[in-house]
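Fold and geometry: a report
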Amino acid sequence: MAKLNDGGGSIPNDVANFYSDTQTKPTRAMRETVLEAAVGDEQKGEDPTTAALCARVADLLGKEDAVFMPSGTMCNEIALYIHCWRGDEIICERSSHIVNFEAGGPAAFAGAATHPLDGEHGRFTAEQVRTAIREDVGLHLPETALVSVEQTANMGGGAIWPLAQLQAVARTAKEAGVATHMDGARLFNACVKSGVAAKDFADGYDSVWVDFTKGLGCPLGAVLAGSKAFVQRAKRVKQMIGGGLRQSGFVTAACHYALDHHIDRLAEDHALAADIGRAVGQLPLVETLLPVETNIVIFDIAPEGPTAGEVATQVREEGLLIGALDERRIRVVTHLDVDAAAGERLCNALKGALS
Ligand SMILES: *Cc1c(COP(=O)(O)O)cnc(C)c1O
C-alpha cells in the first residue's frame, strides 16, 4: 500500500498520524484536479463543479436534491434546525457527535434537547426508539421531533449499523410521525465494508450527509441531501449563518476526485485497522477493545497500566500520533496517509508502552 500523501503543513511527513482521518492532506493528484476546475458563484447556484457534485451525491444517496456545506457539523446543525421546533427532543445515541462535539449546537441553534440512548457501540434498536418516543405529550412532555443515527458510529469504534436495524429504526420513527436524520460522516466506510449501497442505508432517512474530509481525504466539505423542499430550506439556513460560498468549485473538484479514486481504497484502511486491532487485543495492559469493523480502533487501558495521555505522549516521541479520548481510552484511526509500515511501527510502539 503506497503512501499517497506528499505532504506540506505543520505535521512532518515522517510522523504517522493515526490521530484522525480528518487530518489527511490532499494528494498531488487531487491538488492537480483543482487547477482545471470550472468555477462560479456558489451562492447563486452558478458554480458548475459544485452543482455537479451535489447532483452526484444526491444520486448516490437516493435523494431528490443536495447542498454543499463547508463541514459535516454544519450539515448536522442545519438539519436539526429544520427538523425541530424549540423545545422538541432529538433521539440519538449518547456517544454521538451531535451530543458531544458540536459545542451544544442542538440546544443553541435548533433550540432542541437531545434525548440520548445508551446503545451498543453507538447503535440503538427500534425497540429503544419506540420506548423513547413521547406519546400523548399533553401539557408537560417535550415532543419527539427527530431520530438521528450515525453511520458509522464514530465513538462506537466505527461500528456499522446493519441495514435491517437502520430500517427498523426509521420505520418506528415514521409510524410515530417523527423525522429521521443520518450523520453519514463515514457512510462510505460502511458501504465498502458491508457491500450495501449508500442509497440503501439512507433509505427511510429524511436527511443524510457525507463528509469529504474523513477517509475521502479532501481538505474540506460535506454534502447534505434530502427532498427538494428540505434542501431548499437548508440553503436558506446556510445563507442565514454565513455559509453561502463563492467559487467553491476550487474545493468540490477535489471532492469529485475523491469519489472517483478514494472510495474503493477505504478497504485498505479497514484491513490496516483490523491488523492493528489484532495486535492491540493481545497486549497485556489492554482491558477492552471495541470490535474493529471499519477504520477506527478504540481500546481501554487496564487500571494498572499508564494513562491514555501517557501512552499518547510516549508514542509521539516515536513519531506516531494517536488520540487519548479520556483517562483510559485510546482511539487509532486509519486513512490514506498511513500505510502498513506505519501500522507496524504503531503496533511495536504500543507493545512497548502496554506490555
Ligand atoms: C467528523 C464528524 C462529524 C463532523 O464533521 P466535520 O466535517 O468535521 O464538521 C460529525 N459526525 C461524525 C460522526 C464525525 O465523525
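Look above for the structure.
Residues numbered from 1 in each chain as written. Predicted model: local features only at pLDDT ≥ 70, side-chain atom pairs only at ≥ 80, totals over all residues. Heavy atoms only, no water.

**Some words on the side chain of K214**
With respect to the helices, strands and loops of the structure, K214 is situated in the loop between strand 7 (207-211) and strand 8 (222-226). Relative accessible area serves as the criterion here: at 10%, K214 is assigned to the buried category. K214 has contacts with D21, T22, T24, A185 and R186, leaving out every residue within four places of it along the chain. (Helix = DSSP H or I, 4+ residues; strand = E, 2+ residues; numbered from the N terminus. Buried < 20%, exposed > 50% of the residue type's maximum accessible area, 1.4 Å probe, protein only. Contact = heavy atoms within 4.5 Å.)

**Here we look at the site of the ligand**
The ligand sits among 14 residues. The nearest are G72, T73, D183, D211 and K214. Measuring from an oxygen atom of the ligand, one finds a side-chain N or O atom of K214 at 2.8 Å. Among the elements of the structure, helix 3 (72-83) and strand 7 are those that each provide at least two residues to the shell around the ligand. Of all the elements, helix 3 adds the most residues to the shell around the ligand, at three residues. (Near = heavy atom within 4 Å. Polar contact = N/O pair within 3.5 Å; in protein donor to acceptor, adjacent residues only side chain to side chain.)

**As for the nonpolar core**
What tends to happen in soluble globular proteins is that the nonpolar side chains get buried as a cluster. Counting 50 residues, the largest nonpolar core has V169, L187 and F212 as its most contacted members. When residues in this core are grouped by element, the largest group, six residues, is from helix 11 (residues 249-261). Setting aside residues no more than four positions away along its own chain, F212 makes contact with L53, V57, G217, C218, L220, G221, A222, V223, C255, A258 and L259. L285, F299, L346 and C347 belong to the second-largest nonpolar core, a separate cluster that totals 28 residues. (Core = buried A, V, L, I, M, F, W, Y, C linked by side-chain atoms within 4.5 Å.)

**Thoughts on the pattern of salt bridges**
Here the structure, examined in full by the defined rule, presents 14 salt bridges. Between E89 and R134 there is a salt bridge, and its shortest N-O distance comes to 2.7 Å. Remark: R134 occurs in the loop between helix 6 (126-132) and strand 5 (144-150) and E89 occurs in strand 3 (residues 89-93); sequence separation between them is 45 residues. Looking at E89, the relative accessible area reads 6%, which means it is buried. (Salt bridge = Lys/Arg side-chain N within 4 Å of Asp/Glu carboxyl O.)

**Here's the deal with unusual backbone geometry**
Following Q151, the chain continues into T152 via a peptide bond in cis, with omega recorded as -5 degrees. Assignment of secondary structure puts T152 in the loop between strand 5 and helix 7 (163-175). One non-glycine residue with positive phi stands out, namely A103, at about 55 degrees. Relative to the helices and strands, A103 resides in the loop between helix 4 (97-100) and helix 5 (105-110).

**Focus on the packing of aromatic side chains**
Under the criterion given, the structure shown has two aromatic pairs. Seen from their ring centres, F124 and W161 are 5.0 Å apart, and the 90 degrees between their planes marks the pair as edge-to-face. Of this pair, F124 sits in the loop between strand 4 (113-117) and helix 6 while W161 sits in the loop between strand 5 and helix 7, and the two are 37 residues apart along the sequence. Judged by its relative accessible area of 0%, W161 falls in the buried class. (Phe/Tyr/Trp six-rings, centres within 6.5 Å; stacked < 30°, edge-to-face > 60°.)

**Structural notes on the pairing of strand 6 (residues 179-184)**
A regular strand places its side chains on the two faces of the sheet in alternate fashion. Taking burial as the measure, the six residues of strand 6 include six buried ones, the bulk of the element. Burial of strand 6 is two-sided: the residues A179, H181 and D183 facing one way and the residues T180, M182 and G184 facing the other way are all buried. Both strand 5 and strand 6 contribute to a ladder of five bridges, which runs parallel. Bridge pairing in strand 6 places E150 opposite D183. Handedness of the crossover is the feature at issue here: the chain leaves strand 5, passes through helix 7, returns alongside strand 6, and the resulting connection is right-handed. The sheet contact formed by strand 6 and strand 7 spans four bridges and is parallel. Of the residues in strand 7, the one forming a bridge with H181 is S207. (Pairing = 2+ DSSP bridges. Right-handed = clockwise from strand over helix to strand, strands pointing away.)

**Some thoughts on the side chain of D183**
Structurally, the position occupied by D183 is in strand 6. Here D183 sits buried without a salt bridge, and the closest side chain of opposite charge, K214, lies 6.6 Å off (N-O distance). Engagement of the side chain of D183 in a polar contact is seen with the backbone nitrogen of A185, the distance being 3.0 Å. Each residue touching D183, except ones within four places of it in the same chain, is listed here: N76, H97, V149, E150, Q151 and W209. (Lys, Arg positive; Asp, Glu negative; His and termini not counted.)

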